[in-house]
Amino acid sequence: MVWTGTWVAERLGVELIGGEELPALLGLALRRNPKRAHLLVSSVLGKHVPQRPSVVYGSGLGLGVRVRELLGDEEAARSVVLGYAETATALGHAVADGLGLAPYLHSTRRPVAGVARAGGFEESHSHATSHLLLPEDPKLLAGGGPLVLVDDEFSTGNTVLNTIRDLHARYPRERYVVVALVDMRSTADLGRLDAFAEEIGARVDLLSAAAGTVHLPEGVLEKGQELVAEHEKAYGAPGAGQAPVGGVREPVRVTLDWPEGLPDGGRHGFTPEHRELLEEALPELAAGLGRALETDREASAAPRTPGRGGRGVLVLGFEELMYAPLRLATALEETGHDVHYSTTTRSPVLAVDDPGYAIRTRLVFPAHDAPADGPGERYAYNVAGGGFDAVVLVVDSAADTPELHAPDGLLAQLAAHVPRVVLAVVPSYTPTVSEAPERSSMLPEPLRGPAFSSYAPEEVGWLLQDLSGVELEAPTEEREEAIQSGGAHYAESLPVEYQPSARYQDLFHSALEGSAARIARAVGTVTETVLAERPGRAPVLVSLARAGTPVGVLMRRWAKARHGLDLPHYAVSIVRGRGIDANALRWLAAHHDPADVVFVDGWTGKGAITRELAEAVKEFEAAEGIAGFDPEIAVLADPGSCVRTYGTREDFLIPSACLNSTVSGLISRTVLRSDLVGPNDFHGAKFYRELAGSDVSVAFLDAVAARFDEVTEGVDLDVKELLAADRTPTWEGWAAVERISEEYGIHDVNLVKPGVGETTRVLLRRVPWKILAKRGADADLAHVRLLAEQRGVPVEEVDELPYSCVGLIHPQYTRGATGADGKAVVSQ
């Protein structure tokens, strides 16, 4: 029998090194949008490869039994099992079943109104990175017993380290057990888990069904991308494989007698009591499916599927919904049906119809559960051409949408390739939302200058705590390595403040002189737009610290100069991946009408903060019962076309982007670290009093405000046009970033920073790889070119760039990726 990794191994030189059991457990495929060139395809996971449900379930059960033997019954009864979305949700369930005594929770990428986060983390190599932990019982993760973390593959360990680091800061415990089907760590990664355990002062065990490693030859990422491109060019984007079988029949819907109150999975927690309830219900649920299949078979005149022989029934789950379909499949198998099991996925993989390749065919269809991160393609692998007589598609009710039933939807795709399709819908579990816990009514008043910041006290109140006495700065190279390795979040430390050279300061002042009127016009336009959209109401300006704060101050100055309005202005912290400061929102709601709050930022890049704010406000209102905050952001410049309220959509030089704290009231970027920021604290920041001699914060504001009078006529024209125009965001910036990420082989949009402001941040705070400069945009890029020259970063001239420039962070950074002088390596 041909190993299903042969095709990739022969073309890329990838080797699977380990025991004889590894080739039976793993095949190889190529990622179509890779952060790694290869994909290890499990034959027993039930995700990409249809497998007997008893084999899939048994693999997890066996690991769970081993965990119980390791812990002993007493500790097993105190443990909690945590699985990873989307791939390992059913595996984690099965481990919990084998353990027998532990509740189960899996991470999710589906936010749920009213359920507060108990944690969250990033999966650095994944195509969709952000994980949420949303237990219905907030105490689920708070116990001191062992935490069992379950994933299909343990390779670098980054995901597990991210999880443990996040949870250990919130709920410290003495013991963790990591469980995986395969332990594929490289030699270099073998010691990381032990070192990490010693660092946090806890025991960390690792259990796996098999162990080995993957040898990747030099340049495999680029070679893999080239191979994908060549194959798709030669054969076209891989389609479903087999031609439709006769006419397409309508799917048959079966009504499942799902027990009331039984969760559809572990998204919000699944207890041993839930498990007992499911076990009792499974025989009748399977009988219902059997009756539907038999009725449909009798009603169908369709012939048996030709090709690879009739293989009976495929039970097909849906993304994170893996456990319920798996248990239905195992129960159906126990009644004597010929059953296989797999699920749909978000993961884009190249399909090659070759016996030596793990992904033979794919079905492509639109997402059908209104995902929080927007629409996109979804996939079902090895279904078409699989010779199945029938497919039972199991989805939750949240995914039973018009998109599922559309002409290009999943049901139509299945019906075109399998003679009989049955749809079974499991009710989506709605958690019981408990009342929000009591919060401190003693939140402090905002910090103000001159005690905190160089701004006048009436210009802005900072809803932050002062961490000026804490040593938070770390060298840029150390921060970058920690961030990209998963060892730390970017908000847990601060970069060393860049001190501009005399030449750079001259550039700042000349840029300010040349652009002050342009900035003033944009300030007036965005302010007048905000006022026009709220007739008769005085907005409360809430800037996102710190880039938004100078803009908020200028908007306040415009409103006072033009209309005599004395608008309140506060600055709050928002952190990518962690959300907005909820205590700051509580303070605002206690002192102002949330409907009057207008969030303000400097500019948009790809729109990540825009999305972060919208989701954070939604979660806050659901958790706190405080409604009215509008997550729309008003910005000076919107080159990414991410918002409706802006001063301009041109990507031009905003001098406040050229510097750090010395143009932002001497305030640092905000900090969120569990040992410094408690549950009733504002996020933190530092006041760099020692940099007062270099401070140009007020000079910048005064220079722009001095041009207000001369731009009023232009502002009135701009506002009139904007109010009459369609300002719906197109998100073209996000699309451009995704394209650049793939074109340059980065495969992580977080490392692509578009626009003058974001590019400047890359050069001042991160480890830059290269700068893309739009040909002809020299007027706005003098400071960018100087910084790039100082750091040894190449500047590449690009045609048809939607921004003036784009900064690329080093995509695989370690300190070994810089030269001896600390300058970035030029890409070869």
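Scroll up for the structure.
Below is a summary of the structure that appears in this document. Predicted model, so just to flag it, every value in this text is computed and none were measured.

**Focus on the side chain of His274**
Relative to the helices and strands, His274 resides in helix α9 (residues 272–299). Polar side-chain contacts of His274 include one of 3.0 Å to the backbone nitrogen of Thr271. Non-local contacts of His274, meaning those with residues more than four positions away in its chain, are made with Gly261, Leu262, Pro263 and Gly269.

**Looking at the environment of Gln51**
Secondary-structure assignment places Gln51 in the loop between β3 (38–42) and α3 (53–71). Classification of Gln51 as buried rests on a relative accessible area of 18%. Spatially, the C-alpha atoms of Gln51 and Leu314 are 9.0 Å apart, while their sequence positions differ by 263 residues. Leaving out residues up to four positions away in the same chain, Gln51 has contacts with Ser43, Val44, Val56, His340 and Tyr341. In terms of polar contacts, Gln51 uses its side chain to reach the backbone carbonyl oxygen of Ser43, at 2.9 Å.

**A few points about the side chain of Ser342**
Structurally, Ser342 is set in strand β13 (residues 339–343). Once residues lying within four places of it in the same chain are set aside, the contact partners of Ser342 are Gly46, Lys47, Val49, Pro50, Leu314, Val315, Leu316, Gly317 and Val383.

**A word on the packing of aromatic side chains**
Scanning all chains against the criterion turns up 10 aromatic pairs. Judged by centre distance (5.9 Å) and plane angle (10 degrees), the rings of Tyr379 and Tyr381 are stacked. The pair formed by Tyr379 and Tyr381 is uniform in burial state, with each residue classed as buried. Ring geometry for Tyr570 and Trp587: centres 5.2 Å apart, planes at 65 degrees, overall edge-to-face. Of this pair, Tyr570 sits in strand β23 (residues 569–572) while Trp587 sits in helix α16 (residues 582–591), and the two are 17 residues apart along the sequence. In this structure Tyr570 comes out as buried when scored by relative accessible area, which is 7%. The class of Trp587 is buried, set by a relative accessible area of 4%. Feature note: the residues Phe452, Tyr455, Trp462 and Phe687 constitute an aromatic cluster, connected by ring pairs. Note that Arg611 overlies the ring of Trp734, its terminal NZ or CZ placed 4.0 Å from the centroid.

**Considering the sheet that holds strand β32 (residues 795–798)**
Sheet architecture is open: four strands sit in the order β30-β33-β31-β32, paired in mixed fashion. Either end of the sheet is taken by a strand with one partner, and the two such strands are β30 (752–754) and β32. Strand-to-strand, the axes of this sheet are offset by a mean angle of 20 degrees, without reference to chain direction. As judged from the four bridges shared by strand β31 (residues 768–774) and β32, these two strands associate in the parallel manner. Residue pairing for β32: Leu772 is matched across the bridge by Glu796.

**Remarks on the nonpolar core**
Counting 102 residues, the largest nonpolar core has Val81, Val148, Val392, Leu393 and Leu414 as its most contacted members. The element that contributes the greatest number of residues to this core is α9, accounting for eight residues. With 74 residues, the next largest nonpolar core counts Leu472, Ala522, Val677 and Val793 among its residues.

**Things to note about the packing of helix α14 (residues 502–532) against helix α22 (residues 782–791)**
Here α14 crosses α22 at 165 degrees, and the two axes come no closer than 10 Å. Our classification of the angle between α14 and α22 gives roughly antiparallel. Judged by the sense of rotation from one axis to the other, the crossing of α14 with α22 is left-handed. In this structure, α14 contributes Arg503, Tyr504 and Leu507 to the contact, and α22 contributes Ala782, His783, Leu786, Leu787 and Glu789. Class assignment for the residues of the contact of α14 with α22 results in five nonpolar, one polar and two charged.

**Quick notes on the environment of Ser54**
As for its position among the elements, Ser54 is in helix α3. Along the backbone, Ser54 and Glu334 are 280 residues apart, and their C-alpha atoms lie at a distance of 8.8 Å. Residues contacting Ser54, with those up to four places away along its chain left out, are Thr330 and Glu333.

Criteria and thresholds
Residues numbered from 1 in each chain as written. Predicted model: local features only at pLDDT ≥ 70, side-chain atom pairs only at ≥ 80, totals over all residues. Heavy atoms only, no water. Helix = DSSP H or I, 4+ residues; strand = E, 2+ residues; numbered from the N terminus. Polar contact = N/O pair within 3.5 Å; in protein donor to acceptor, adjacent residues only side chain to side chain. Contact = heavy atoms within 4.5 Å. Buried < 20%, exposed > 50% of the residue type's maximum accessible area, 1.4 Å probe, protein only. Phe/Tyr/Trp six-rings, centres within 6.5 Å; stacked < 30°, edge-to-face > 60°. Lys NZ or Arg CZ within 6 Å of the ring centre and 35° of its normal. Pairing = 2+ DSSP bridges. Axes fitted to C-alpha atoms, helices over the stretch in contact; angles between N-to-C directions. Core = buried A, V, L, I, M, F, W, Y, C linked by side-chain atoms within 4.5 Å. Parallel < 35°, antiparallel > 145°, perpendicular 65-115°, else oblique. Left-handed = near helix turned anticlockwise from the far one by under 90°. Nonpolar A, V, L, I, M, F, W, Y, C, P; charged D, E, K, R; others polar.

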